[in-house]
Amino acid sequence: MTAVDRKGSLLLALAVTLVACGTPPPVRTPAAPPASVVSPVAVEQELERTSSGRSFWPGFDPLVIPLALYDGQVTWLFRHPHPPPEFGPGQGGARIADGRPEALRANTGAEIGGVPTATLILTSSHSARDWAAVAVHEAFHVFARQHHPGWSGDEMELFVYPLEAREPLILRREETQALRRALAAGDPESAACWADAAVRLRGQRFAVLPKEAAAYERGTELNEGLAAYVEGVARGETRMELPADDFPVEKVRDRAYAVGRAEALLLDRLDPVWKERLGKEGQPGTLDEQLAAATAGRAGSKPCALSSGETAAASRRAGEDLERLTRERQSARVAFLGRSGWTVVVLAEGAPLWPQRFDPLNVLRLGEGEVLHRRWLKLGNGEAELEVLDRDALTEAVGPHPLLQGVRRLTVTGLVEKPEVHERAGWARLDAPGFTAKLKSATIEVSGHELRIMLKGAPASHSPAPQPPAAAAAPHREPKRPTSTG
């Protein structure tokens, strides 16, 4: 039941309605997807061809793991042992459902019907071969979470990583240069010499970083770097390059993708059985530790080192990048708040909002507890569920950590339409393109083109604790070709 008082405030009482339907879904004949999207059946066929007779990793077979693909209209589900009831018979061995399930928000791994499933969003025009390689990447994530749950970084550490620290940034740039030399080396001994230099520079850098920051890099290199590595294997690629100027200072996670893959490729050259040893009892548990073991004693009497000119260039670039980051943070905040259209502000008066899902690749820390989320964010507590998808959202923290102690304010700007309010199953639902909210008890006020939602304070016991970051994060990006991010 919903009541609206004279001031336009919305007061809600919870009522839950369960609807059961035993009618099986009809056979789907999906409409043709947009011309820019490759056929999901072609992706599945290419995945089968790519995986046939090929070993990506000990014990890993991507065809054992279900695959869900959203083509912009419907979701295709392949090789799923227990398809949810909304998936009806389709084409090419797939089960097909209208729209996309709640779990399918990114190129990542998610549970569909209670079964861990690799998920892809086919929203850009790339070849079936490219998308099949991304499917291998995402299937590897599902495999790793089941068999190597320790291969992950704590995503909450990304929000307190000391980006502004100049000394470790300079060393990071030097480390990248040494890794570039190792990757380009024409013989194993030169590769080992420069890999040894990179390991030594990393040791200096980690000595001046918080141990949590170092653990984040190492965990993310295992999680995302190895997934990027098997994706490269699926493409038939045995070489790669790192950016000549390293990654922008704030792109810590992006860098871990590339560096983790680079370390794996170097290990292929220097230690043929490194995969079997990784993480085994008594063996190195991280990629850089494996690389250190593989290069021990191989640097010779004259270890490889960068020139004084190269170290000076690394220092100069570090300073320039820190200045750029300050400017970008300021301009991004001004641009976000200055967008025309409707603005929604959500205030959590009593219990904070907790991050439930977010995209760690597409965030920008603005300082003073503010984070600009540039693609996807889900927040919730006992009184509300909020989702912002494919648009920007600004969060303001309760405590010193930008997210870990919860969020007290959410702002969404630039909505073309005023969010419409509907009642569904006893909750009020607000809908606008890119923004949805489910509210149990709240007051809504409208002033000009701003809609302000004041959540009623839920008892502390009703507020869920923050979800484990490794499980909560589901990153996604759209580069020139579909490199997965989850």
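Residues numbered from 1 in each chain as written. Predicted model: local features only at pLDDT ≥ 70, side-chain atom pairs only at ≥ 80, totals over all residues. Heavy atoms only, no water.

Enquirer: Give a detailed account of the overall build of the protein chain, specifying residues and quantitative values.
Expert: In terms of helices and strands, the protein chain carries ten helices and 21 strands. Taken over 486 residues, the protein chain has a buried fraction of 54%. Taking as baseline every contact in the protein chain between residues at least 6 positions apart, the subset at least 24 positions apart corresponds to 70%. For the protein chain, the exposed area adds up to about 20,900 Å²; of that, 53% sits on carbon and sulfur atoms. (Helix = DSSP H or I, 4+ residues; strand = E, 2+ residues; numbered from the N terminus. Buried < 20%, exposed > 50% of the residue type's maximum accessible area, 1.4 Å probe, protein only. Contact = heavy atoms within 4.5 Å. Areas by Shrake-Rupley, 256 points an atom, 1.4 Å probe, with all protein chains shown as cover.)

Enquirer: Give a detailed account of unusual backbone geometry, specifying residues and quantitative values.
Expert: A positive phi angle is found at D246, which is not glycine, with a value near 65 degrees. As for its position among the elements, D246 is in the loop between α5 (211-235) and α6 (252-270). Look at D390: it is not a glycine, yet its phi comes out positive at around 60 degrees. As for its position among the elements, D390 is in the loop between β14 (384-389) and β15 (393-397). Residue class for D390 comes out exposed when judged on its relative accessible area of 54%.

Enquirer: Explain the sheet that holds strand β19 (residues 435-439) residue by residue, including any values.
Expert: Pairing in this open sheet of six strands is antiparallel, and the strands run β10-β13-β14-β19-β18-β17 from one edge to the other. A strand with exactly one partner marks an edge of an open sheet, and here the two such strands are β10 (354-358) and β17 (420-424). Geometrically, the sheet is characterised by an average inter-axis angle of 15 degrees between neighbouring strands, direction not taken into account. The pairing of β10 with strand β13 (residues 376-381) spans four bridges and is classified as antiparallel. Bridge assignment links W354 to a residue of β13, and that residue is G380. (Pairing = 2+ DSSP bridges. Axes fitted to C-alpha atoms, helices over the stretch in contact; angles between N-to-C directions.)

Enquirer: Describe the packing of aromatic side chains, naming the residues involved and giving the relevant values.
Expert: Enumeration over the complete set of coordinates arrives at nine aromatic pairs. Judged by centre distance (5.7 Å) and plane angle (70 degrees), the ring pair of W57 and F140 falls under edge-to-face. With a gap of 83 residues between them, W57 in the loop between α1 (40-51) and β3 (67-70) and F140 in helix α2 (residues 128-147) connect regions that are remote in the sequence. Neither residue differs from the other here; W57 and F140 are each classed as buried. Each member of the aromatic cluster is reached from another via a ring pair, and the members are F56, W57, F60, F140, F143, W151, Y229 and W274. Here the basic side chain of R181 rests over the ring of W194, its NZ or CZ set 4.5 Å away from the ring centre. The ring of W427 has K438 lying over it, and the distance from NZ or CZ to the ring centre is 5.3 Å. (Phe/Tyr/Trp six-rings, centres within 6.5 Å; stacked < 30°, edge-to-face > 60°. Lys NZ or Arg CZ within 6 Å of the ring centre and 35° of its normal.)

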